[in-house]
Amino acid sequence: MNKGLLWRGLLIGALAALAAWRVWPLRENVNLGLDLQGGIHLVLRVETQDAIRAETEKDMEVLRREAEDEGVSGVVTRQLDDTRFEVAGFAPERLEALEKVARDWLGGGWEWSREAGKLVFEMRAVNEKSLRDGAINQALQTIRNRVDQFGVAEPLIARQGIDSERIVVQLPGVDDPERVKRLIKNTAFLEFRLAEFPWSGYGVGSREEILEHYGGALPPEIEILPSEERDRATGKLLSTSYYALQKRRVITGRDLRSASPSQGQLGQPVVQFMLAAEGAKIFADATGSNIGRALAIVLDGKVVSAPTINSRISDSGIIEGNFTSEEVLDLVTTLRSGALPAALTYLEDRTVGPSLGHDSIRSGMRAGLYGAILVVLFMLVVYRLAGVNSLVALALNVLLLFGALAYFGATLTLPGIAGIALTIGMAVDASVLVFERIKEELRAGKSPRSAVDAGFGNALSSILDANITTLIAALFLFQFGTGPVRGFAVTLSIGIFGTLFCGVFVSRWLFDIFYVNRPRTERISI
Amino acid sequence: MEILRNPNFDFMKYRRIWVGISFATIVAGLVGILFLGRLNFGVDFAGGTQVTVKFAARPDVEELRALVAAAGFKDAVIQRFGGEDAHEAMIRTPVVGGSEEGSAAHLIEALNGRFNGGGGAADLNQIGSASLAELLARTDPDGVGAERGPAHYGAVAETVMGERKTRGLFTGWDEVRRVAGLSGEAAAALERGARLGAFSVLGVENVGPQVGAELRQRGVLAVVGALVGMLGYIWIRFELRFAIGATMATLHDVLITLGIFAWAGYEFNLTTVAAFLTLIGYSVNDTVVTFDRVRENLRKSRSLDTVTMLNRSINQTLSRTLLTGGTTITSSLCLYLFGGDVIRGFAFVMFVGVIVGTYSSIYIASPFALLWESWFGAAKRARGTGAGAAAPRTAR
């Protein structure tokens, strides 16, 4: 018996020491959830339909061009929806030639059916799925790059579930939600396009003026884009002017090798860029043969500036616009991080200021402490000396709870703190069950020693049932919850195991060491 | 100390009355929820935008309401938050049609228009660390040069923002000047180049309508799943009639607490669902202990009638039921009183729920087990299949 006591004591002591060692100092070892330390939680949807539609457009165009090259003339293409298009207008005897082109150039991604005078193409499901996954992975990578440049410690950026179009982004400690949200979502689609009208200089005041120039109808290869002048300080729209530009892009953001913030001649913030080899060659040709003409810099469909080409430019240049330095930094960040494959929509965003978290921790801890003091007093009054036993078990329980949180790297959230406070109330349940049972056995005339034995033995099944049912609730809670609620489910579950260990094993050991030297005790303080 | 010495109350005697009272309470709660729309869904489930703001001066809720309404948010909910002198307010607006991304920016703009004269220079109470660092680096008051600027001012901005985080809001420039790590020159530069707005934004939550609907669905599934899980466990461990009794008692606790919660007007959010799931765990736990004793008594003597058996078991476990109920009520009451505004709703559910749960373990669970027994157990016997040794005959 003595030996058993020693081993059990050593086990309990070792566990307590391990927990204390893991936990101390508390601040560094327990992860605080976003709701406690402040930060941003975002759920975004990747509009993968965009990427799929773009792919359909591209393949349709490839097919038309290659068909022309193969001598299948008069081909007319029409997109039916995101994943389907039809090809018509070809001579019936050229059908096989057209199908050969489709086989050669579209790969295995499409299947088609012959209909009267036309072919209807439909994207294969496999291709659609891989495009979807590709778009999401690229979006993940792009967001990761952008967040990295913003310098966030320990960000979480992950797809929500295996087959969803959602991305979860958690950025602890970030205190500038609007800017981060803008930065993540920024498509920053940059294009350089040659001006058609006006040939150089500032844009004109209205669309009508341009249409008039072309006699009322725009040529198909030209489109009109606006340019907005905004007040630097307030962002208020001052005026809008318009440019007629070629639809064809000279180069895009993809051709950039690097981008960095810089200052223009007047000290205004500008973006300086370097081009990759292939882009540089195209750019040099285009600028060399268009001296005196304006080259419009278009960002997300708006002209940011349209400088006149003064000389042949090969591999570097600056982007001027009416930028604030913050905008320049954000633009550089997005240009560097690569383009998003599809638009993003915020489905959910939560920002918690740390001061709200600080207050919550303080109040939660205080409530837990008051609760613990009252519960302990309660136990001491009701069970006297045995109450001390439950007190020791309770203290050890809380220590083990924090130790387990630290050990598993679990996250402490505000509901989690509430869970701990509540666990204190519920943890004594095991002690209550045992003590009540011991009292009953004493009333039935048993000696203290055997009453303790019988009490523990008979209460065990109740204790197990009671805790397993709570554990079932905690499992559903974990399944249901996101962030904070999950944190709660974790603390609750750990609390249950702690309760079982402390309320049964530790409490029993305490009784045993108390009686080991008093084998014939007649009274028991309970 | 003995709470009760050999209690011997006849709990089962008035079981019809107790069940009737419970039933009436549940109906009252359901009427409030289903027909009067009393359940106050937060943004988690209803979708929409919630902004928590801390003001330098005490906010006038009526004025805020008018302001928010003028900004185009018709059904906004505005309530004071935190303690009396925290000067905090929470503004909640429903989902705005067509905009999934919420209306926080629009709300804050409206507040800026009223309290800060419409923006302009950078606001030290709303700016983030990155922007503040850039602001300082631009003027370089400490003269560290462009090379070391970003790192140096990055660190300075962190400390200034750290101070704002602990305070929640700067109310005067002397508070800024006192920030350790901010040089006199830098403080002066901030005073020239920035301003102190009349409020800071403590938290923003936007939940799109789609996400809200999904969360609602998952919440209901989790509660139903937990109840079915309990039913299954008790069925395996005990007998079907006990599983039915315990599940009915738990459902009873959930419904009554939900009704009281709805009438009390607290916000129903994700944390509240967590509280209800915890309550389910607690409530079953409480009932199971009594049934455990019933089972034990059944093993000891099979001759007693069910009513006496149930009564005896409830009495034997009564002091445990009351003690554990007492300690849990104590800790949830402490949470309710001292835990702060964010978890008050959670604490309310636990506090009310544990009281109801304790009552139902005594007055509701066993009558339901008995009811099940007398309806289905009797039917079984009538068909001659026999309820077996485990099911003793039913009284009355």
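So, how was this worked out
- Residues numbered from 1 in each chain as written.
- Chains lettered and ligands numbered in written order.
- Predicted model: local features only at pLDDT ≥ 70, side-chain atom pairs only at ≥ 80, totals over all residues.
- Heavy atoms only, no water.
- Helix = DSSP H or I, 4+ residues; strand = E, 2+ residues; numbered from the N terminus.
- Rg over C-alpha atoms; globule rule 2.2 N^0.38 Å.
- Buried < 20%, exposed > 50% of the residue type's maximum accessible area, 1.4 Å probe, protein only.
- Areas by Shrake-Rupley, 256 points an atom, 1.4 Å probe, with all protein chains shown as cover.
- Lys, Arg positive; Asp, Glu negative; His and termini not counted.
- Charge placed at Lys NZ, Arg CZ, Asp CG, Glu CD.
- Contact = heavy atoms within 4.5 Å.
- Expected span 1.5 Å × (residues − 1).
- Polar contact = N/O pair within 3.5 Å; in protein donor to acceptor, adjacent residues only side chain to side chain.
- Pairing = 2+ DSSP bridges.
- Axes fitted to C-alpha atoms, helices over the stretch in contact; angles between N-to-C directions.
- Buried area = accessible area lost by both parts, 1.4 Å probe.
- Salt bridge = Lys/Arg side-chain N within 4 Å of Asp/Glu carboxyl O.
- Phe/Tyr/Trp six-rings, centres within 6.5 Å; stacked < 30°, edge-to-face > 60°.

For the rest of this paragraph, the subject is the overall build of chain A. A tally of regular secondary structure across chain A gives 14 helices and 19 strands. Here chain A has a C-alpha radius of gyration of 36 Å; the compact-globule value for 526 residues is 24 Å, and the former is much larger. Overall, chain A is about 115 × 65 × 40 Å in size when its C-alpha atoms are taken along their principal axes. Expressed as a percentage of its 526 residues, the buried residues of chain A come to 50%. Counting only carbon and sulfur atoms, one obtains 56% of the accessible surface of chain A, whose full area is about 24,300 Å². When the 56 basic and 61 acidic side-chain charges of chain A are each reduced to a single mean position, those positions are 10 Å apart.

Turning next to the overall build of chain B. Scanning chain B from N- to C-terminus turns up 15 helices and eight strands. Against the compact-globule benchmark of 21 Å for 396 residues, chain B has a radius of gyration of 29 Å, which places it well outside the compact range. For chain B, the spread of C-alpha atoms along the principal axes amounts to about 95 × 50 × 35 Å. Buried residues in chain B amount to 53% of all 396 residues. Pairs at least 24 apart in sequence give 75% of the contacts found in chain B among residues at least 6 apart. Summing over all exposed atoms, chain B offers an accessible surface of approximately 16,600 Å²; the carbon and sulfur share of this is 60%.

Attention shifts here to helix 11 (residues 270-300) of chain B. All names here are of chain B. Along its 31 residues, helix 11 runs 46 Å from first to last C-alpha, staying within 8% of the 45 Å computed at 1.5 Å per residue. Most of helix 11 is tucked away, with 29 of its 31 residues classed as buried. Among the residues of helix 11, the N-terminal cap falls to Asn-269, whose side-chain oxygen and the backbone nitrogen of Thr-271 are separated by 3.2 Å.

Here the focus is the environment of Val-254 of chain B. Residues and elements named next belong to chain B. Within the secondary structure, Val-254 sits in helix 10 (residues 240-264). Taking the relative accessible area as the measure of exposure, Val-254 reaches 9% and is therefore buried. Dropping the residues within four chain positions of it, Val-254 is found in contact with Phe-276 and Ile-280.

So, on to the sheet that holds strand 13 (residues 256-263) of chain A. Residue and element names in this part refer to chain A. Pairing is antiparallel in the open sheet, where three strands are placed in the order 13-14-17. The open sheet has two edge strands with one neighbour each: strand 13 and strand 17 (316-319). This sheet shows a mean twist of 25° between the axes of neighbouring strands, independent of strand direction. On the sheet, helix 10 (residues 325-337) packs against strand 13 and strand 14 (269-275) and is oriented at approximately 170° with respect to strand 13.

What follows is about the interface of chain B and chain A. Each side of the interface is counted separately: chain B has 78 residues, and chain A has 78 residues. Around 6,700 Å² of area is buried between chain B and chain A when both sides are counted, 58% of it from carbon and sulfur atoms. The tally of links between chain B and chain A comes to nine salt bridges. Here Asp-465 of chain A ties to Arg-295 of chain B by a salt bridge, and the two come within 3.9 Å at their closest N and O atoms. Taken together, the connections running from chain B to chain A amount to 20 residue pairs in polar contact (both at pLDDT 80 or more).

Attention now moves to unusual backbone geometry. All names here are of chain A. Residue Pro-198 is bonded to the preceding Phe-197 through a cis peptide linkage, with omega at -10°. For Pro-198, the position within the fold is in the loop between strand 9 (190-197) and helix 8 (207-213). We note that Asp-300 has phi near 50°; this positive angle belongs to a residue other than glycine. In this fold, Asp-300 is placed in the loop between strand 15 (295-299) and strand 16 (302-305). Judged by relative accessible area, which is 36%, Asp-300 ranks as partly exposed.

In this section: the environment of Val-398 of chain A. All names here are of chain A. Mapped onto the elements of the fold, Val-398 is located in helix 11 (residues 354-407). Exposure remark for Val-398: the relative accessible area of 25% places this residue in the partly exposed category. Considering only alpha carbons, one finds Val-398 and Ile-424, 26 residues apart in sequence, at a separation of 7.8 Å.

Successive side chains on a regular strand alternate, one facing one side of the sheet and the next facing the other. Residue and element names in this part refer to chain A. A large share of strand 14 lies buried, amounting to five of its seven residues. Sheet topology places strand 13 next to strand 14; seven bridges connect them, and they run antiparallel. Bridging across to strand 14, Pro-261 finds its partner in Val-271. The turn linking strand 13 back onto strand 14 is made up of five residues, and Gly-267 within it adopts a positive phi angle of 85°.

This next bit is on the packing of aromatic side chains. Summed over the entire model, instances satisfying the criterion amount to 34 aromatic pairs over all chains. With a centroid separation of 5.3 Å and 80° between ring planes, the pair formed by Tyr-407 of chain A and Phe-408 of chain A is classed as edge-to-face. For Tyr-407 of chain A, a relative accessible area of 54% gives the class exposed. Centre to centre, the rings of Tyr-336 of chain B and Phe-348 of chain B are 6.0 Å apart; their planes meet at 45°, and the pair counts as tilted.

On to the sheet that holds strand 6 (residues 118-123) of chain A, then. Strand pairing in a sheet takes place through backbone hydrogen bonds and is either antiparallel or parallel in direction. Residue and element names in this part refer to chain A. One open sheet holds the four strands; their spatial order is 3-4-6-5, and the pairing between them is antiparallel. This sheet does not close on itself; its edge strands, each paired only once, are strand 3 (76-81) and strand 5 (110-115). The sheet shows a mean angle of 25° between the axes of neighbouring strands, taken without regard to direction. Direction of pairing for strand 3 relative to strand 4 (residues 84-88): antiparallel, over a ladder of five bridges.

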